[in-house]
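Chain by chain, the residues run as shown.
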Amino acid sequence: MYDTANNFLNVHEWAYGATEVVHILSLTLAIGFIALVDLRLLGFQVGSATSARLARATAVGSLMGLVVAITTGFMVFSTDPVRYFNHPTMRFKLIALVVAIGFNYSVHTRVARGDYSPTIRRAVASISLLLWVTIVFSGLFYSFT
Ligand code: HEM
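Residues numbered from 1 in each chain as written. Predicted model: local features only at pLDDT ≥ 70, side-chain atom pairs only at ≥ 80, totals over all residues.

### Quick notes on the overall build of the protein chain
If you tally the helices and strands in the protein chain, you get six helices and zero strands. Counting from the amino terminus, the protein chain carries its helices and strands in the arrangement α-α-α-α-α-α. In terms of overall dimensions, the protein chain has a C-alpha envelope of 55 × 25 × 25 Å along the principal axes. The burial tally for the protein chain puts 27% of its 145 residues in the buried class. Long-range pairs, those at least 24 residues apart, make up 76% of the contacts in the protein chain with a sequence separation of at least 6. (Helix = DSSP H or I, 4+ residues; strand = E, 2+ residues; numbered from the N terminus. Buried ≥ 20, exposed ≤ 12 C-beta atoms within 10 Å, placed from the backbone. Contact = placed C-beta atoms within 7 Å.)

If you want it as structure tokens, here you go:
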């Protein structure tokens, strides 16, 4: 049986806080890079870059941010998995995250790098922003309610 009392983050108080900080910084990095591409798809100028160039330039940064956010998320989750898993907001956040990642690495990347109409580009950027904002707010909603 998994004993949460031995979890590194529960044994060392600083480790829990430090992991939370890295969780927040890395998700900011990931979503910041993705949002930059979304703004370009919506028609805003980001320097003189095309959406294809921005998507290529931010791909590694957003991937690294996502990997660290997911890793640290599961580290915090492991401090009390039963409580977290049983909470509807946490489940909602994780399902929304799977949808957002699927959307990001299929439709979003393809549209950002391809030649699509402004309507499609705006629709895809709006869906992407909505998904990521929903995930951030469900994370905050869990923590502060
Ligand atoms: C990029 C994806 C993610 C985003 C945008 C995100 C967003 C957030 C936000 C905004 C918070 C609130 C931070 C605070 O307390 O101030 C949070 C906390 C948390 N997240 Fe994530 N998260 C992500 C991925 C994950 C994953 C994959 C897990 C794993 C299950 C996870 C588990 C947690 C846990 C356990 C907390 C702490 C809740 C608490 O006890 O207060 N997160 N997340």
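So, next bit.
### A look at the site of the ligand
Neighbouring residues of the ligand: 21 residues in total, closest Gly73, Val76, Phe77, Gly139 and Ser143. Of all the secondary structure elements, the ones that give two or more residues to the shell around the ligand are helix H2 (13-42), helix H3 (51-77), helix H5 (88-113) and helix H6 (118-144). Of all the elements, H3 adds the most residues to the shell around the ligand, at seven residues. Per-class residue counts for the shell around the ligand are 16 nonpolar, four polar and one charged. (Near = placed C-beta within 6 Å. Nonpolar A, V, L, I, M, F, W, Y, C, P; charged D, E, K, R; others polar.)

### Examining the nonpolar core
Core analysis: the largest hydrophobic core is formed by 21 residues, its most contacted members being Ala30, Ile34, Val37, Leu41 and Trp132. Breaking this core down by element, the ones donating at least two residues are H2, H3, H5 and H6. Among the elements that take part in this core, H2 stands out by supplying eight residues, more than any other. Residues within four places of Val37 in sequence aside, it is in contact with Ser51, Leu54, Ala55, Thr58 and Ala112. (Core = buried A, V, L, I, M, F, W, Y, C linked by C-beta atoms within 7 Å.)

### Some points on the packing of H2 against H3
The interhelical angle for the contact between H2 and H3, taken along N-to-C directions, is 155°, at an axis separation of 7 Å. The orientation of H2 relative to H3 falls into the category roughly antiparallel. Handedness of the H2/H3 crossing: left-handed. Tallied by class, the residues present in the contact of H2 with H3 amount to 16 nonpolar, ten polar and two charged. (Axes fitted to C-alpha atoms, helices over the stretch in contact; angles between N-to-C directions. Parallel < 35°, antiparallel > 145°, perpendicular 65-115°, else oblique. Left-handed = near helix turned anticlockwise from the far one by under 90°.)

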